[in-house]
Amino acid sequence: MKASRRAFIGGAAGLAFAGPSLAETASPPRLQPAVDAIRAYAEAHRRWMNLPALTVSVFSPDGFSTAVHVGLARPDAQMPVTSATLFQVGSISKCMTAAVLHQQAAEGKLRLDADIRSLLPEIAWPGDTAFSVQQVLDHVAGLPSEAPPFLPEGLWLGFAPGAHWSYSNLGYACLGMLAERIDGAPLGRILEKRLFAPLGMHRTRGAIVSTDRTLYAQGYEPAVLDRPFLRGNPLAPAAWIDESSGAGCVASTAADMALFLRALGQAAAGKGGLGLDPERGRAFASHFVPSATPGMAYGNGLMHVTDEGRPYLHHTGGMVSFSSSFHVDALDGIGAFASASISYMPEYRPRALTLFAIKALRAVVAGATIPTPPPLEKPLANAADYTGRYVAGDRSFEIRPGTQLTLVAGGREAPLEGIDDDVFATAHPAFAGWPVYFDRKGTVVTGAGWGPDGFARDGSGMAFPASDPALARLAGKYVNDSPWLGIARIVERGGKLWRGGFAPMTQIGDGIWRFGKEEWSPERVSFANMVDGHPQTMIFSGNRFERRNV
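The structure displayed is predicted, hence computed values, not measured ones.

On a plain count of helices and strands, the protein chain comes out with 11 helices and 29 strands. Taking 550 residues into account, the globule formula puts the C-alpha radius of gyration at 24 Å, and the protein chain, at 24 Å, falls close to it. In the protein chain, 60% of the contacts between residues at least 6 apart in sequence involve partners at least 24 apart. When the accessible surface of the protein chain is summed, it comes to about 21,400 Å², and 54% of that surface belongs to carbon and sulfur atoms. One finds the centroid of the 50 positive side-chain charges in the protein chain at a distance of 2 Å from the centroid of its 50 negative side-chain charges.

In structure tokens form, the structure reads like this:
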């Protein structure tokens, strides 16, 4: 479970749209089987997630690149995706912001080991601990992810810089400000001058602004924002958000992103790229530190992952109305990008699609058989962990195994759909309002939480702690009108507060809670403006939510 805004607010989504609309450059006959396989898997993704629109590009080192589009850019007008349709790339922007800072460092305008507090003194940084630009680039500075940079009470650190890894959108927003200070221009113009224009990315935008709105695919979000995500639930058009932050300000086309990723791969191979000479380019793309995510290292806005023993550069991006992914195999010079016009909240990223696109193209180039694409619905490897009967007073349910877990209660059954570690959603009418969160003692599942209710697993001997009436008065529905933050439901169960029924909140001080499982999570929650013992305001890492119970 990631302690971030997407973990904090949750979501639900799904909407069916028209079939595929292909727009791509002509492919050499020998590569056409790979393009066909990529198109078929993209269409499978569209149908599986009911995606409004999905765009994919893939390229090889010999200069070949192509784009495939499925779905509709504007379903209400039956308008297809074209080569000019813009998609927001989200956090993939971070490696672009990082590349700009490395260019500035190469020009002698910046030291990456400098204390960022001295370079941006206007921000109310924590005063006692130095942390470098590079540590912010690598998400190891200890900053919270979602706090605004200019808080009257000042910022804080969740851990000593370098001690842990914690993703920080705040950190990259500050890095964008730093790039602007050095070059004396808005970040969007800097990106266009330093990256997009030299690479021929003429359709790409370095800032997301409403004057360009008609150039974009229409983005969609869950129609119901305060319930768990289930594929097939209705979607609604998402609100428009202008964005100029270094954490996620770029919009592009699939073809333009192939140009950027090709340059990234060349930099990683020591051939020079992204405005960096061969030595600095390789250093930029090869630097990483351990992350908190198993199987992933991180550095300079790039995830470093392996699959079947092969290393890849990778990142995903999630916006209010778009979700994206890329993979680059620097060893073979093959890469792929994909973006869908669906909000970050359903937690879908087309990462399986971009990885398969590389494998398909690599196989055809090598004269090998195209591999079978991975299943979209992965079987649950540890289904036996959850099976059994769960009881809370006069209520109970049963979990039955299979390729997908099934919840049975009141003579009805419905499948469980995984949304996080040990967390599932279901359309069962008696359990649709909250996720089902399974408690473990060590590795053994002993019970389950559903909203404020705790269910003991038969034979486990588990006894849920009693409810805490004082904490229960803090529970409620809290709303921030920014589409980024939205709705947060806080519940008390077993003497503990939980966001959404499954994300733990641990009290660490007088009126202050840590949000997230990790004891070093930098995210903080507090409550204010009490009326009859009930808070009217909740503050999540500096962002204020109003109590709006119904």
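Turning to helix 2 (residues 32-49), a few remarks are in order. Taking 1.5 Å as the rise per residue, helix 2 with 18 residues should run 26 Å; its terminal C-alpha atoms sit 26 Å apart, in good agreement. Along its buried surface, helix 2 packs onto strand 1 (53-59), strand 2 (65-74) and helix 10 (351-365).

The next subject is the state of the cysteines. One pass over the structure, following the stated rule, counts 0 disulfides. You can see Cys 174 has no disulfide; the closest cysteine sulfur is in Cys 249, sitting 14 Å from it. For Cys 174, a relative accessible area of 1% gives the class buried. Cysteine Cys 249 shares no disulfide, and the gap to the nearest cysteine sulfur, in Cys 95, comes to 11 Å. By relative accessible area, Cys 249 is classed as buried at 0%.

Turning to the sheet that holds strand 27 (residues 524-531), a few remarks are in order. Taking strand neighbours around the barrel as the criterion, the 8 strands line up as 22-23-24-25-26-27-28-29 in a closed arrangement whose pairing is antiparallel. Within this sheet the neighbouring strands show an average axis-to-axis angle of 35 degrees, counted without direction. One ladder, built from 4 bridges, connects strand 28 (residues 534-540) with strand 29 (residues 543-547); its direction is antiparallel. Bridging across to strand 29, Thr 537 finds its partner in Glu 546.

Further remarks concern the nonpolar core. By size, the foremost hydrophobic cluster in this structure holds 58 residues, and its most contacted members are Leu 264 and Phe 326. Of all the elements in the fold, those that place two or more residues in this core are helix 3 (93-106), helix 5 (133-137), helix 6 (169-183), helix 7 (187-199), helix 8 (254-268), helix 9 (278-286) and strand 12 (323-329). It is helix 8 that provides the largest number of residues to this core, a total of 8 residues. Filtering out sequence-adjacent residues up to four positions away, Phe 326 remains in contact with Ile 92, Cys 95, Leu 261, Leu 264, Leu 302, Leu 313, His 314, His 315, Ala 336, Phe 337 and Thr 354. Core analysis: the next-biggest nonpolar cluster, separate from the first, contains 57 residues, Ala 392, Ala 488, Ile 490 and Phe 527 among them.

Looking at the protein chain as a whole, the pLDDT averages 93, with 95% of positions reaching at least 70. Here residues 11-24 is a poorly scored stretch, pLDDT under 50, and it has 69 contacts once near neighbours within four places are set aside; other chains count.

On inspection of all chains with the given rule, the structure shows 23 aromatic pairs. Between Tyr 386 and Phe 424, the aromatic rings sit 5.3 Å apart at their centres with planes inclined by 75 degrees, giving edge-to-face as the arrangement. You can see Tyr 386 sitting in the loop between helix 10 and strand 14 (388-392) and its partner Phe 424 sitting in strand 18 (residues 423-426), a full 38 residues away along the chain. Across this residue pair, the class does not change: Tyr 386 and Phe 424 are buried. Note on Trp 513 and Phe 527: the rings are 5.4 Å apart at their centroids and 85 degrees apart in plane angle, and the pair reads as edge-to-face. Placement of the pair is Trp 513 in strand 26 (residues 512-515) and Phe 527 in strand 27, with a sequence separation of 14 residues. For the residue pair Trp 513 and Phe 527, the accessibility class agrees, reading buried in each case. One aromatic cluster is present, formed by Tyr 386, Tyr 390, Phe 397, Phe 424, Phe 431, Phe 438, Trp 450 and Phe 455 through successive ring pairs. Arg 493 extends its terminal NZ or CZ atom over the ring of Trp 498, reaching a point 4.4 Å from the ring centre.

Okay, the pattern of salt bridges next. Side chains carrying opposite charge are able to pair once their charged atoms draw close together. As enumerated under the stated definition, the model contains 31 salt bridges in all. Asp 115 is paired through a salt bridge with Arg 117; the nearest N and O atoms lie 2.8 Å apart. This pair shows no difference in class: Asp 115 is buried, exactly as Arg 117 is. One salt bridge in this structure joins Arg 362 and Asp 332, with 3.1 Å as the shortest N-O distance. Here Asp 332 lies in the loop between strand 12 and strand 13 (334-340) and Arg 362 lies in helix 10, a separation of 30 residues in the sequence. Looking at Asp 332, the relative accessible area reads 29%, which means it is partly exposed.

With that settled, the discussion passes to the packing of helix 2 against helix 10. The interhelical angle for the contact between helix 2 and helix 10, taken along N-to-C directions, is 165 degrees, at an axis separation of 8 Å. With respect to helix 10, the element helix 2 is oriented roughly antiparallel. Between helix 2 and helix 10 lies a crossing of right-handed hand. Residues Pro 33, Ala 34, Ala 37, Ile 38, Tyr 41, Ala 42 and His 45 of helix 2 form the contact with helix 10, whose own contacting residues are Ala 352, Leu 353, Phe 356, Ala 357, Ala 360, Leu 361 and Val 364. Split by residue class, the contact of helix 2 with helix 10 holds 13 nonpolar, 1 polar and no charged.

Glancing now at helix 8. In this model helix 8 runs 21 Å from its N-terminal to its C-terminal C-alpha over 15 residues, within 8% of the 21 Å that 1.5 Å per residue would give. Taking burial as the measure, the 15 residues of helix 8 include 12 buried ones, the bulk of the element. All buried positions along helix 8 are accounted for by Ala 254, Asp 256, Met 257, Ala 258, Phe 260, Leu 261, Arg 262, Ala 263, Leu 264, Gly 265, Ala 267 and Ala 268. Remark: Gly 270 follows helix 8 within two positions and exhibits a positive phi of approximately 80 degrees.

Next up on the list: the sheet that holds strand 9 (residues 296-299). One open sheet holds the 9 strands; their spatial order is 3-2-1-13-12-11-10-9-8, and the pairing between them is antiparallel. In this open sheet, the two strands that pair with only one neighbour each are strand 3 (79-80) and strand 8 (289-290). The strands touched by helix 2 are strand 1 and strand 2; relative to strand 2, the strand with the most contacts, the crossing angle is about 25 degrees.

Rules used throughout
- Residues numbered from 1 in each chain as written.
- Predicted model: local features only at pLDDT ≥ 70, side-chain atom pairs only at ≥ 80, totals over all residues.
- Heavy atoms only, no water.
- Helix = DSSP H or I, 4+ residues; strand = E, 2+ residues; numbered from the N terminus.
- Rg over C-alpha atoms; globule rule 2.2 N^0.38 Å.
- Contact = heavy atoms within 4.5 Å.
- Areas by Shrake-Rupley, 256 points an atom, 1.4 Å probe, with all protein chains shown as cover.
- Lys, Arg positive; Asp, Glu negative; His and termini not counted.
- Charge placed at Lys NZ, Arg CZ, Asp CG, Glu CD.
- Expected span 1.5 Å × (residues − 1).
- Disulfide = S-S within 2.5 Å.
- Buried < 20%, exposed > 50% of the residue type's maximum accessible area, 1.4 Å probe, protein only.
- Pairing = 2+ DSSP bridges.
- Axes fitted to C-alpha atoms, helices over the stretch in contact; angles between N-to-C directions.
- Core = buried A, V, L, I, M, F, W, Y, C linked by side-chain atoms within 4.5 Å.
- pLDDT = per-residue confidence, 0-100.
- Phe/Tyr/Trp six-rings, centres within 6.5 Å; stacked < 30°, edge-to-face > 60°.
- Lys NZ or Arg CZ within 6 Å of the ring centre and 35° of its normal.
- Salt bridge = Lys/Arg side-chain N within 4 Å of Asp/Glu carboxyl O.
- Parallel < 35°, antiparallel > 145°, perpendicular 65-115°, else oblique.
- Left-handed = near helix turned anticlockwise from the far one by under 90°.
- Nonpolar A, V, L, I, M, F, W, Y, C, P; charged D, E, K, R; others polar.

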